[in-house]
Amino acid sequence: MATAPTDDAEIERFAGTLRGELIRPDDPTFDDARTIYNAMIDKRPELIVTCANVADVIGAVEFGRENDLDTAIRSGGHNGPGLSLVDGGLVIDLSEMTSVRVDPESETARVEAGCTWGDVDHATHAFGLATVSGVISTTGVGGLTLGGGHGYLTRKHGLTIDNLVSADVVLADGRLVRASEDESPDLFWALRGGGGNFGVVTSFEFALHPVETVVAGPMFWRIDDLESVMRWYREWLPQAPEDVYAFYMTAEIPGDPFPEALHGENVCGLMWCYLGPEDRIDEVVQPARNVAEPVFEHIESIPYPALQRMFDDLYPPGDQWYWKGDFVRDLSDDAIAEHRRFAEVPTPKSSMHLYPIDGAVHRVAPDETAWNYRDANWSMVIVGVDPDPANREKLTEWTRDYWQALHEHSAEGAYVNFMMDEGADRIRATYGDNYERLQEVKAKYDPDNFFHVNQNVEPAA
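Because the structure is a prediction, the values reported are computed rather than measured.

What counts and how
- Residues numbered from 1 in each chain as written.
- Predicted model: local features only at pLDDT ≥ 70, side-chain atom pairs only at ≥ 80, totals over all residues.
- Heavy atoms only, no water.
- Helix = DSSP H or I, 4+ residues; strand = E, 2+ residues; numbered from the N terminus.
- Rg over C-alpha atoms; globule rule 2.2 N^0.38 Å.
- Contact = heavy atoms within 4.5 Å.
- Areas by Shrake-Rupley, 256 points an atom, 1.4 Å probe, with all protein chains shown as cover.
- Lys, Arg positive; Asp, Glu negative; His and termini not counted.
- Charge placed at Lys NZ, Arg CZ, Asp CG, Glu CD.
- Pairing = 2+ DSSP bridges.
- Axes fitted to C-alpha atoms, helices over the stretch in contact; angles between N-to-C directions.
- Parallel < 35°, antiparallel > 145°, perpendicular 65-115°, else oblique.
- Left-handed = near helix turned anticlockwise from the far one by under 90°.
- Disulfide = S-S within 2.5 Å.
- Buried < 20%, exposed > 50% of the residue type's maximum accessible area, 1.4 Å probe, protein only.
- Phe/Tyr/Trp six-rings, centres within 6.5 Å; stacked < 30°, edge-to-face > 60°.
- Lys NZ or Arg CZ within 6 Å of the ring centre and 35° of its normal.
- Core = buried A, V, L, I, M, F, W, Y, C linked by side-chain atoms within 4.5 Å.
- 1 Å grid on protein atoms, 1.4 Å probe; cavity = no way out; pocket = protein on both sides within 12 Å on 5 of 7 lines; lining within 4 Å.
- Points joined across faces, edges and corners; volume = space filled by probe spheres on them.
- Nonpolar A, V, L, I, M, F, W, Y, C, P; charged D, E, K, R; others polar.
- Arc of directions from axis to C-beta.

**Remarks on the overall build of the protein**
Reasoning step 1: Helix and strand counts for the protein come out as 14 helices and 19 strands.
Reasoning step 2: Scaling as 2.2 N^0.38, a compact globule of 461 residues should have a C-alpha radius of gyration of about 23 Å, and the protein matches this with 22 Å.
Reasoning step 3: In the protein, once contacts between residues fewer than 6 apart in sequence are set aside, the share between residues at least 24 apart is 73%.
Reasoning step 4: Summing over all exposed atoms, the protein offers an accessible surface of approximately 17900 Å²; the carbon and sulfur share of this is 45%.
Reasoning step 5: Each charge sign in the protein was given a centre, from 36 positive and 80 negative side chains, and these centres are 2 Å apart.

**Quick look at the sheet that holds strand 8 (residues 164-170)**
Reasoning step 1: Taking strand neighbours across the sheet as the criterion, the five strands line up as 5-6-10-8-9 in an open arrangement whose pairing is antiparallel. Either end of the sheet is taken by a strand with one partner, and the two such strands are strand 5 (100-103) and strand 9 (176-180). Along the sheet, successive strands turn relative to each other by an average axial angle of 15 degrees, direction set aside.
Reasoning step 2: Relative to strand 10 (residues 200-207), strand 6 (residues 108-112) is paired through five bridges, and the arrangement is antiparallel. By the bridge assignment, V111 is partnered in strand 10 with F204.
Reasoning step 3: Here helix 4 (residues 117-125) sits on the sheet in contact with strand 5, strand 6 and strand 10, set at roughly 35 degrees to strand 5.

**Details of the sheet that holds strand 2 (residues 47-50)**
The strands making up a sheet are joined through hydrogen bonds of the backbone, oriented either antiparallel or parallel.
Reasoning step 1: Taken in spatial order, the four strands line up as 1-2-4-3 in an open sheet, and their pairing is mixed. Pairing within the sheet leaves two strands with one partner each, and these edge strands are strand 1 (21-23) and strand 3 (71-74). Each strand of the sheet is rotated relative to its neighbour by a mean of 20 degrees, with strand direction disregarded.
Reasoning step 2: Strand direction decides the pairing type here: strand 3 and strand 4 (residues 90-93), joined by four bridges, are parallel. The residue of strand 4 that forms the bridge with R74 is D93.
Reasoning step 3: Contacting strand 2, strand 3 and strand 4, helix 3 (residues 54-66) runs over the sheet at an angle of about 165 degrees to strand 4.

**Topic: the packing of helix 8 (residues 226-236) against helix 11 (residues 333-341)**
Reasoning step 1: Running from N to C, helix 8 and helix 11 cross one another at 140 degrees; their axes reach a closest spacing of 10 Å. On the basis of the axis angle, helix 8 is oblique to helix 11. Seen along the crossing, helix 8 lies across helix 11 with a hand that is right-handed. Contacts between helix 8 and helix 11 involve L226, E227, M230, R231 and R234 on the former and, on the latter, D333, I336, A337, H339 and R340.

**Notes on the state of the cysteines**
Reasoning step 1: Considering all chains together, one arrives at zero disulfides under this definition.
Reasoning step 2: Among the cysteines around C51, which has no disulfide bond, C115 carries the closest sulfur, lying 14 Å off.
Reasoning step 3: Residue C51 is classed as buried on the basis of its relative accessible area of 0%.

**Concerning the packing of aromatic side chains**
Reasoning step 1: Evaluated as defined, the whole model comprises 27 aromatic pairs.
Reasoning step 2: With centroids separated by 5.7 Å and ring planes inclined at 75 degrees, the aromatic side chains of Y152 and Y245 adopt a geometry described as edge-to-face. Of this pair, Y152 sits in the loop between helix 5 (141-147) and helix 6 (154-157) while Y245 sits in strand 13 (residues 244-252), and the two are 93 residues apart along the sequence. Just as Y152 is buried, Y245 falls in that class too.
Reasoning step 3: Directly above the aromatic system of W189 lies the positively charged group of R437, at a separation of 3.8 Å from the ring centroid.

**A closer look at the nonpolar core**
Reasoning step 1: In this structure, Y152, V169, L187, L191, F247 and L307 are the most contacted members of the largest nonpolar core, which totals 108 residues.
Reasoning step 2: In terms of residue count, the dominant contributor to this core is helix 7 (residues 185-191) (five residues).
Reasoning step 3: For L191, the residues in contact, after removing those within four places along its chain, are L146, A167, V169, A179, F198 and V201.
Reasoning step 4: Core analysis: the second largest hydrophobic core is formed by 41 residues, L226, V229, I281 and V345 among them.

**Looking at empty space enclosed by the protein**
Reasoning step 1: Enumeration according to the criterion identifies three cavities of 30 Å³ or more in this entry.
Reasoning step 2: If you add up the space inside the second largest cavity, you get close to 50 Å³.
Reasoning step 3: G147, G193, F327, W371, N372, A414, Y415, V416, T430 and Y431 together form the lining of the second largest cavity.
Reasoning step 4: Of the residues that constitute the lining of the second largest cavity, the class distribution is six nonpolar, four polar and no charged.

**Examining the environment of T138**
Reasoning step 1: Summarising the element assignment, T138 is placed in the loop between strand 7 (129-130) and helix 5.
Reasoning step 2: Classification of T138 as partly exposed rests on a relative accessible area of 29%.
Reasoning step 3: Separated by 33 residues in the primary sequence, T138 and L171 place their C-alpha atoms 27 Å from one another.
Reasoning step 4: Other than its neighbours up to four places away in sequence, T138 contacts Y37, H78, T116 and D312.

**Digging into helix 9 (residues 281-291)**
Reasoning step 1: Buried within helix 9 are the following residues: I281, V284, V285 and A288. Taken end-on, helix 9 shows its buried residues confined to a sector of 85 degrees, consistent with a single buried face. Opposite the buried face of helix 9, by more than 90 degrees, sit the exposed residues E283 and N290.
Reasoning step 2: Considering only its buried residues, helix 9 is in contact with strand 12 (213-222), helix 8, strand 13 and strand 14 (266-274).

Structural data, given as structure tokens:
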């Protein structure tokens, strides 16, 4: 496709149809408008449309299609490989569309696609409700949901897509359709894990659950205890009640509020979230304490939105990021040995997380949604992170080497939101038996592959 139209009069005519703003490279707001979460990404679109409403989205899609423009869709801008931007071409920016409407009677929320999960938590918490999201509140709703979505509530309430009731979608031909179990069910199936391949979702309707206060916080052990802790964790998790969630991590302890004696120490740990009564938390976590003596723990009753914000200050926008992921069914002794080998992180913010995706996730069949790996127990991500661009090569090399050492012990596919630009074979492996069905849905709703700036599923021939 082309990178940008050459007719200024056509661009001005388009700008006059918008309620939002059309931003070009010579505008003073351009650099801010093209900045996303991962500072490693430096792309220069020719046009950025900050959409104010659905009509702007429809107009932008039609303009992009009629002018053969490479077109990217931006919600929260957290996409690791920068697929929410494009060099040249057009960016349809949804970040100004941030309405959330909660219906406490039906326990649902209608969420516009520019919202972050912090916006959603703020609105739903007033009613003592929440839905499944990630672990950083600045993450965009759109990208996380369309990739599948997992977080602290996953073991009890499934993936984010398992809580999706409906979606409003602008298709490549400019039509607005509603996708649900009853309306365009094939599109609804594909949206639940198939990414941004099928259209621009302008709003999501989510099922909510009674969640107000949780018992949560970190527990850390010295890195020499890693193998013992991981062996215990692999046996404990499948038997744990679904009210209990704990993701595993290796990390370096940052500064305050942690004790000064631990600053800079490499540790392994668990991040707990317990949905049951506070007076039972010691019973829940004591088996972990019995494995080895923790060097630090701070587990307390907190509002759910406070848990969601816990990592926001550690990982603000503007860091260099490189990540790779895999789905994991089992933690073999050989895999654990590799985790120990790479446990010394290259930069203070770099880490490895194993997010549980068992429990309620396993009760959905692999062909019920586009998310194929319903038998995996963890979604692994290895993240190299640092604010200094000079450390880019170091953190990227560590991430790639670590991932390569673990990949033979993992499943073939990965959570698409934890992938860089890794090629068509990797995408096919991620969707497995669902891939050809996704191609068929793509051929029906986007036969010319207009929406291709993504983890792309090409339409069936």
